[in-house]
Amino acid sequence: MSDEAQFVLPAEEAANAGVAEAFNQGMVLSTGEAAYLLTTYTAQRKENNPSFQMPPVVKKTYEYTSKFAQVKTVEALKLIREFLLERKIHQYEYGVLSSLMPETSDEAIALLPSLRRFSDNELAVTLEEMAMMRRNQ
């Protein structure tokens, strides 16, 4: 697995969040990416079997991700992922930032104290760029 695809939560945040060790190796998706994957999954299943019905847990997850996804186009999802990972944002930070889209650096740091490693200006510019990508989708 590449370094980009690894989810490594800093020890202090893992302890606070109660994250299981097994979760530390997964790839983090934004809410929009999860919605896209579930849409694709459903379309493929229906293509193969027109009477396909989503299992209840998949249906609820699909409804949730579709409702709360901040970014909805594949192009914008790709741009935001690449943009954040180029800025050395960790996978878990990517998941939070791209799903919640905080507007200010103070809000982002309140959600992710690990972002203190960036200056307020760097973080503000990053958040503004993300907001612009979302608006232009």
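What comes next is a walk through the structure. (Residues numbered from 1 in each chain as written. Predicted model: local features only at pLDDT ≥ 70, side-chain atom pairs only at ≥ 80, totals over all residues. Heavy atoms only, no water.)

### Examining the overall build of the chain
Turning to step 1, where the next piece is worked out: Regarding its fold elements, the chain presents seven helices and zero strands.
Turning to step 2, where the next piece is worked out: Shown N-terminal to C-terminal, the secondary structure of the chain runs as helices and strands in the order α-α-α-α-α-α-α.
Turning to step 3, where the next piece is worked out: Taking all 137 residues of the chain together, 36% fall into the buried category.
Turning to step 4, where the next piece is worked out: The contacts in the chain between residues at least 6 apart in sequence include a share of 56% that link residues at least 24 apart. (Helix = DSSP H or I, 4+ residues; strand = E, 2+ residues; numbered from the N terminus. Buried < 20%, exposed > 50% of the residue type's maximum accessible area, 1.4 Å probe, protein only. Contact = heavy atoms within 4.5 Å.)

### Remarks on the nonpolar core
Turning to step 1, where the next piece is worked out: Within the largest apolar cluster, 20 residues are counted, with the highest numbers of intra-cluster contacts made by Ile80, Leu84, Ile89, Leu97, Leu115 and Met130.
Turning to step 2, where the next piece is worked out: For this core, the leading source of residues is helix α4 (residues 74–86), giving five residues.
Turning to step 3, where the next piece is worked out: In contact with Leu97, other than residues within four places in its own chain, are Leu84, Ile89, Pro102, Ala108, Leu112, Leu115, Leu127 and Met130. (Core = buried A, V, L, I, M, F, W, Y, C linked by side-chain atoms within 4.5 Å.)

### Considerations on helix α7 (residues 120–135)
Turning to step 1, where the next piece is worked out: End to end, α7 covers 22 Å across 16 residues, agreeing with the expected 22 Å (1.5 Å per residue, within 8%).
Turning to step 2, where the next piece is worked out: Residues of α7 that are buried: Leu123, Thr126, Leu127, Met130 and Met133. Relative to the axis of α7, the buried residues are bounded by an arc of 120° and lie together on one face. Facing away from the buried side of α7, by more than 90 degrees, are the exposed residues Asn121 and Arg135.
Turning to step 3, where the next piece is worked out: Its buried side turned inward, α7 meets α4, α5 (91–100) and α6 (105–111). (Expected span 1.5 Å × (residues − 1). Arc of directions from axis to C-beta.)

### A short note on unusual backbone geometry
Turning to step 1, where the next piece is worked out: If you check the backbone angles, Lys88 has positive phi at about 65° while not being a glycine.
Turning to step 2, where the next piece is worked out: Along the polypeptide, Lys88 turns up in the loop between α4 and α5.
Turning to step 3, where the next piece is worked out: Here Lys88 falls in the exposed class, since its relative accessible area comes to 63%.

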